[in-house]
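A closer look at the structure
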Amino acid sequence: MSIPNKDELKGKFRRAKGSVKEKVGRATKDPRMIRESQDDKSAGRAQENFGRLRRKVGDAVKDVGEQIGR
């Protein structure tokens with residue numbers, strides 16, 4: 001398995017940021033911050049999945065290239 005790419009890392013960071021916002025929003029009873037946290041978590045999940053897909057495609061292309069090179 002290859003190392004995570006920048007999309008995966010940014011997605012993880014955005015999801016973490018959303019979790020923190022959710023906790024702060026619930027503690028302060030701020031509905032706007034809770035909505036923002038849900039948006040951040042969803043966007044982070046999507047970006048992380050996109051990055052994971054990109055990495056898998058890159059790995060597959062690399063494997064095909066290695067097979068052709070033999």
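Here's what I pulled together on the structure shown here. (Residues numbered from 1 in each chain as written. Predicted model: local features only at pLDDT ≥ 70, side-chain atom pairs only at ≥ 80, totals over all residues. Heavy atoms only, no water.)

Check the secondary structure of the chain and you find 2 helices and 0 strands. The globule rule puts the C-alpha radius of gyration for 70 residues at 11 Å, and the 17 Å found for the chain is more than 25% above it. Considered along the principal axes of its C-alpha atoms, the chain spans approximately 60 × 15 × 10 Å. Among the 70 residues that make up the chain, the fraction classed as buried is 21%. Within the chain, contacts between residues separated by at least 24 positions form 66% of all contacts whose residues are at least 6 apart in sequence. Measuring between centres, the 20 positive side-chain charges of the chain sit 3 Å from its 11 negative side-chain charges. (Helix = DSSP H or I, 4+ residues; strand = E, 2+ residues; numbered from the N terminus. Rg over C-alpha atoms; globule rule 2.2 N^0.38 Å. Buried < 20%, exposed > 50% of the residue type's maximum accessible area, 1.4 Å probe, protein only. Contact = heavy atoms within 4.5 Å. Lys, Arg positive; Asp, Glu negative; His and termini not counted. Charge placed at Lys NZ, Arg CZ, Asp CG, Glu CD.)

You will see that lysine 29, though not glycine, has its phi angle at about 55 degrees, which is positive. Within the element layout of this structure, lysine 29 appears in the loop between α1 (6-28) and α2 (31-69).

We now examine α1. Between its terminal C-alpha atoms α1 stretches 32 Å, which fits the 33 Å expected from 23 residues at 1.5 Å a residue. Residues Asp7, Glu8, Gly11, Gly18, Glu22 and Gly25 constitute the buried set of α1. On its buried face, α1 is in contact with α2. Capping the start of α1 is the job of one residue whose side-chain oxygen sits 3.1 Å from the backbone nitrogen of aspartate 7: asparagine 5. With its phi angle positive at about 55 degrees, lysine 29 sits one or two positions after the end of α1. (Expected span 1.5 Å × (residues − 1). Polar contact = N/O pair within 3.5 Å; in protein donor to acceptor, adjacent residues only side chain to side chain.)

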